[in-house]
Amino acid sequence: MGQPLGVTPAERPAPAPAAKNSGKTSAFQHGLAALTQYIQREGRTIVVRAHIEELPDGSTIKLGVFLSNQKARRDRLDATQRAALAELGYTWAAEQTGRSQTFADGPHRRPLPDGRQSV
C-alpha cells in the first residue's frame, strides 16, 4: 500500500519575478487603459457604475467601479495618476478634496438650523 505507483509529481515552475511597481500601479494602468478605450469609442467621459469594459487582451475591468473608486480616493493618487485622469477630462482629478485634513481635526460638526451644534 505504501509503494509508489511509478508516478512522479510534476515539478512546480519557479514563480515569475514580479514586475517593478506591479500591484497598485498595474491595476491603475489597466483601469486607465480601459477608460481610454471607452472614451475613444463612446466619445464621452460619463461611465455608469455597472459598466464592464473588455480590453483587447480579453481581460475585463469593472470600469464604473474603477472610476468611482479613483474619484473617492483621489487624495491618495500620485501626481502622475491624477494628471493622467485630468488629461482624459476628469477635472476632479486635479482638485484636492481636503477630506483627510477635515477628519484628522476631529469630528465634523455643522450648526443645526436653530443655531445649536450637532453632536
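Owing to the predicted nature of the structure, the values given are computational and were not obtained by experimental measurement.

Caption draft 1: Structural view of the overall build of the protein chain. Along the backbone of the protein chain there are four helices and two strands. In sequence order, the secondary structure elements of the protein chain are arranged as α-β-β-α-α-α. In the protein chain, buried positions account for 21% of the 119 residues. Across the protein chain, the fraction of contacts at a sequence separation of at least 24, relative to all contacts at a separation of at least 6, is 35%. In the form shown here, the protein chain has an accessible surface area of approximately 9,400 Å², with 55% of it arising from carbon and sulfur atoms.

Caption draft 2: Representation of the packing of aromatic side chains within the structure. For the coordinates displayed, the defined rule picks out two aromatic pairs. When the ring of F28 is compared with that of F66, the centres are 5.9 Å apart and the planes differ by 50°; the resulting orientation is tilted. Taken together, the residues span a long stretch of sequence, with F28 in helix α1 (residues 24-42) and F66 in helix α2 (residues 63-72) at a distance of 38 residues. On the basis of relative accessible area, F28 is assigned to the buried category, the value being 4%. For F66, a relative accessible area of 10% corresponds to the buried category. Measuring from centroid to centroid gives 5.7 Å for Y90 and W92, while their planes differ by 50°, and the two rings are tilted.

Caption draft 3: Focus on the side chain of R74. Here R74 shows up in the loop between α2 and α3 (79-87). Of the buried charged residues, R74 lacks a salt bridge, with E95 as the closest side chain of opposite charge at 4.5 Å. Polar contacts involving the side chain of R74 include one to the main-chain carbonyl oxygen of K71, which spans 3.1 Å.

Caption draft 4: Layout of α2. All of the buried residues along α2 are L63, G64, F66, L67 and Q70. The buried residues of α2 occupy one face: seen down the axis, they fall within an arc of 160°.

Caption draft 5: Layout of α3. Listed as buried for α3 are Q81, R82, A84 and L85. Axial view of α3: buried residues confined to an arc of 160°, hence all on one face. In α3, the exposed positions that point more than 90 degrees away from the buried face belong to A79, T80 and E87. Of the residues flanking the start of α3, the one acting as N-cap is D78, its side-chain oxygen 3.0 Å from the backbone nitrogen of T80. Of the residues one or two after α3, G89 is the one with positive phi, at around 115°.

So, how was this worked out
- Residues numbered from 1 in each chain as written.
- Predicted model: local features only at pLDDT ≥ 70, side-chain atom pairs only at ≥ 80, totals over all residues.
- Heavy atoms only, no water.
- Helix = DSSP H or I, 4+ residues; strand = E, 2+ residues; numbered from the N terminus.
- Buried < 20%, exposed > 50% of the residue type's maximum accessible area, 1.4 Å probe, protein only.
- Contact = heavy atoms within 4.5 Å.
- Areas by Shrake-Rupley, 256 points an atom, 1.4 Å probe, with all protein chains shown as cover.
- Phe/Tyr/Trp six-rings, centres within 6.5 Å; stacked < 30°, edge-to-face > 60°.
- Lys, Arg positive; Asp, Glu negative; His and termini not counted.
- Salt bridge = Lys/Arg side-chain N within 4 Å of Asp/Glu carboxyl O.
- Polar contact = N/O pair within 3.5 Å; in protein donor to acceptor, adjacent residues only side chain to side chain.
- Arc of directions from axis to C-beta.

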